[in-house]
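# Topology and contacts: notes
Here's the letter readout for the chains.
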Amino acid sequence: MKLLVVRVALSAAVATLLCILALPMISLLVRLSPRELLHQLAQPVVLTALGLSLETSIATTALVIVLGLPVAYLLATKEFTGKRVLQTLVEIPIVLPPTVAGVGLLLAFGRAGLAGGALKALGIELPFTTLAVVMAQVFVATPFFISAATAGIASVERRYTEAAATLGATPGYGFFRVLLPLALPSVLAGAAMSWARALGEFGATITFAGNLPGRTQTMPLAVYTALQNDLAAAVALSVLLVILSFTILLGLRFAPWGAAVGGAPARPRGR
Amino acid sequence: MWLVLALLLQQPKHLAVYAAASLSDAFNEMADSLQRRDPDLHIDFNFAGSQVLVLQLGQGAAADVFASADDRWMQTARDSGLIDGTPQTFARNRLVVIVPKGNPARIGKLQDLARSGVKLVLAADAVPAGRYAREAIFRLAWSAGYPPDYSRRVLANVVSYEENVRSVAAKVQLGEADAGFVYVSDVTPAVARQVRRFDLPDTADVIASYPIALVRHSTNTEAAKTFIDFVLSPSGQAVLTKNRFLPGR
């Protein structure tokens with residue numbers, strides 16, 4: 001009897017959650033006929049936004065990897081004062097409303113912002129540029145990479161790198177030829193998560209970079225703009241975003257290194 | 001869990017007013033005086049671009065009053081059967097150009113908006129303020145003293161189409177945009193300290209008109225009517241005038 005109650009409660013919880021998560025996706029997918037969907041997707045505004053989204057999110061992912069790896073390495077292998085503060089700092093964007101991030105970015109890197117004068121001296125004006133879109137995406141996407149990469153690097157047993165060092169490997173060799181290959185599944189998983197997050201970025205972008213087709217209007221912004229006078233176009237764009245995001249995450253699950261999604265510690269594998 | 005759900009679903013009987021973003025200061029002030037008269041009256045505002053409000057009404061949002069920043073979106077709402085009765089124009093508003101106090105692009109006259117490199121921010125086309133701004137730019141292009149390709153060059157300077165007029169004001173206020181088209185009512189005392197204002201010449205003087213109406217599926221019609229009556233009353237009109245609106249008629 002007790003078991004039955006537990007089972008019913010469990011199924012109810014699963015069903016409720018599935019409803020909340022899956023129903024919106026399904027509703028988006030079934031709203032337009034395939035023909036209308038294709039017709040909408042061929043609109044220039046959609047293609048422009050798609051191109052800009054891919055361009056910026058890929059640039060973001062590259063930047064996040066290049067800038068995030070050293071930080072992840074530091075967090076995973078070193079003990080230092082202020083480590084917890086640094087850890088919290090790189091995690092904050094996960095919980096911060098993106099609009100707040102956008103206001104912060106404006107007040108920091110806008111031309112009237114804290115760093116605005118210095119940037120201007122270099123001839124750089126960030127707001128309303130594609131670069132601002134990338135910065136907004138980097139801001140919100142970095143934590144996903146760093147937490148996965150940190151966990152991955154931390155899970156590599158010390159003896160591997162120590163053995164390499166004993167055998168005369170330089171720290172650089174040890175990192176790129178021993179540590180990184182062993183942590184690669186988590187690093188790639190983190191990169192994919194960042195990419196997906198960057199693709200979906202909205203609040204920080206519209207606040208910091210503005211909303212101009214071809215320059216700063218990424219797909220989520222185009223959805224919002226289209227929603228106000230062209231529901232079909234908005235739905236078509238949304239479907240595209242759902243499919244893209246779903247594919248990235250599903251690809252992660254099926255990738256040979258797929259187990260590492262979400263920063264689950266990677267098991268070091270012998271070679 | 002049920003308690004949480006019940007709390008989430010249980011809505012106390014509040015009056016829900018859906019109003020154009022430009023009305024936020026004036027309507028908040030009116031709500032204060034209304035609530036001083038009747039402490040039991042609770043007014044919840046939803047301020048956004050009129051186009052967003054119509055979208056939300058169309059999706060069945062539980063609103064009681066709708067106040068739009070142009071007749072077009074009010075008409076759309078009526079055509080969709082969302083409105084009860086005849087809307088009444090309760091205010092008008094004038095379009096102006098604002099530049100940051102520091103005037104980074106050295107805008108001295110409206111002709112300068114066509115100079116290449118000026119960072120101009122407009123509200124999006126669907127936003128009433130965006131439509132009015134375009135209209136003003138096209139009218140300027142036809143005015144004496146403006147080059148014939150004025151509108152093309154000005155529109156080429158747009159760096160962002162914002163989702164409501166208050167975001168336009170904010171971008172100029174922050175000094176990030178060189179210029180923006182907003183309503184004169186958006187130049188609140190706080191904004192005024194940080195911007196310079198250019199009035200449009202008579203040839204391009206675009207006047208926005210604001211209709212207000214009862215929402216058909218209102219569950220609080222009595223309070224809704226009280227609110228609408230107050231907006232149209234001399235006291236309501238005084239609040240609007242104080243907030244730099246022009247009278248409705």
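Residues numbered from 1 in each chain as written. Chains lettered and ligands numbered in written order. Predicted model: local features only at pLDDT ≥ 70, side-chain atom pairs only at ≥ 80, totals over all residues.

### Description of the pairing of strand β4 (residues 83-100) of chain B
Residue and element names in this part refer to chain B. In the sheet, β4 pairs with strand β9 (residues 207-215) via eight bridges, with the strands oriented antiparallel. Bridging from a neighbouring strand, Asn93 pairs with Ala208 of β9. With two bridges connecting them, β4 and strand β10 (residues 246-247) associate as antiparallel partners. Along β10, the bridge assignment pairs Arg92 with Leu246. In the sheet, β4 pairs with strand β7 (residues 179-183) via four bridges, with the strands oriented antiparallel. The residue of β7 that forms the bridge with Val96 is Val182. (Pairing = 2+ DSSP bridges. Helix = DSSP H or I, 4+ residues; strand = E, 2+ residues; numbered from the N terminus.)

### Section: the domain arrangement of chain B
Residue and element names in this part refer to chain B. The domains assigned to chain B are domain 1 (2-92 + 209-247) and domain 2 (94-204). Relative to domain 2, the C-alpha centre of domain 1 lies at a distance of 28 Å. Here the residues of the side of domain 1 that touches domain 2 are counted per class, giving seven nonpolar, five polar and three charged. (Domains from an automatic or database assignment. Nonpolar A, V, L, I, M, F, W, Y, C, P; charged D, E, K, R; others polar.)

### Topic: the packing of helix α8 (residues 158-166) of chain A against helix α9 (residues 171-200) of chain A
All names here are of chain A. Here α8 crosses α9 at 160°, and the two axes come no closer than 10 Å. Judged by the inter-axis angle, α8 sits roughly antiparallel to α9. When the axes of α8 and α9 are compared, the crossing they make is right-handed. Contacts between α8 and α9 involve Tyr160, Thr161, Ala164 and Ala165 from the first element and Gly174, Val178, Leu179 and Leu182 from the second. A breakdown of the residues in the contact of α8 with α9 according to their chemical character gives six nonpolar, two polar and no charged. (Axes fitted to C-alpha atoms, helices over the stretch in contact; angles between N-to-C directions. Parallel < 35°, antiparallel > 145°, perpendicular 65-115°, else oblique. Left-handed = near helix turned anticlockwise from the far one by under 90°. Contact = placed C-beta atoms within 7 Å.)

### Some words on the domain arrangement of chain A
A common way to report how large an interface is uses the accessible area buried once the components associate. Residue and element names in this part refer to chain A. In terms of domains, chain A is made up of domain 1 (1-31) and domain 2 (34-263). Centre-to-centre, using C-alpha coordinates, domain 1 lies 31 Å away from domain 2. If you look at the interface, domain 1 gives four residues, while domain 2 gives four residues. Residues of the side of domain 1 that touches domain 2, tallied by class, amount to three nonpolar, no polar and one charged.

### Focus on the interface of chain B and chain A
The partner chain A presents 15 residues to the 15 residues of chain B that form the contact. Breaking the side of chain B that touches chain A down by element, the ones donating at least two residues are α3 (50-58) and β6 (158-162) of chain B. Considering each element in turn, the side of chain B that touches chain A owes the most residues, five residues, to β6 of chain B. Each residue belonging to the side of chain B that touches chain A can be placed in one class, and the counts come to eight nonpolar, three polar and four charged.

### Focus: the environment of Ala63 of chain B
Residue and element names in this part refer to chain B. Within the secondary structure layout, Ala63 lies in the loop between α3 and β3 (65-67). C-alpha of Ala63 to C-alpha of Asn220: the two residues are 157 residues apart in sequence and 8.9 Å apart in space. Excluding residues within four positions of it along the chain, Ala63 makes contact with Ala16, Tyr18, Leu57 and Val215.

### Quick look at unusual backbone geometry
One non-glycine residue, Phe128 of chain A, lies in the positive phi region at around 70°. Mapped onto the secondary structure, Phe128 of chain A falls in the loop between α6 (116-121) and α7 (130-155). Its identity is not glycine, yet Arg106 of chain B carries a phi of approximately 50°, on the positive side. Secondary-structure assignment places Arg106 of chain B in the loop between β4 and β5 (120-123).

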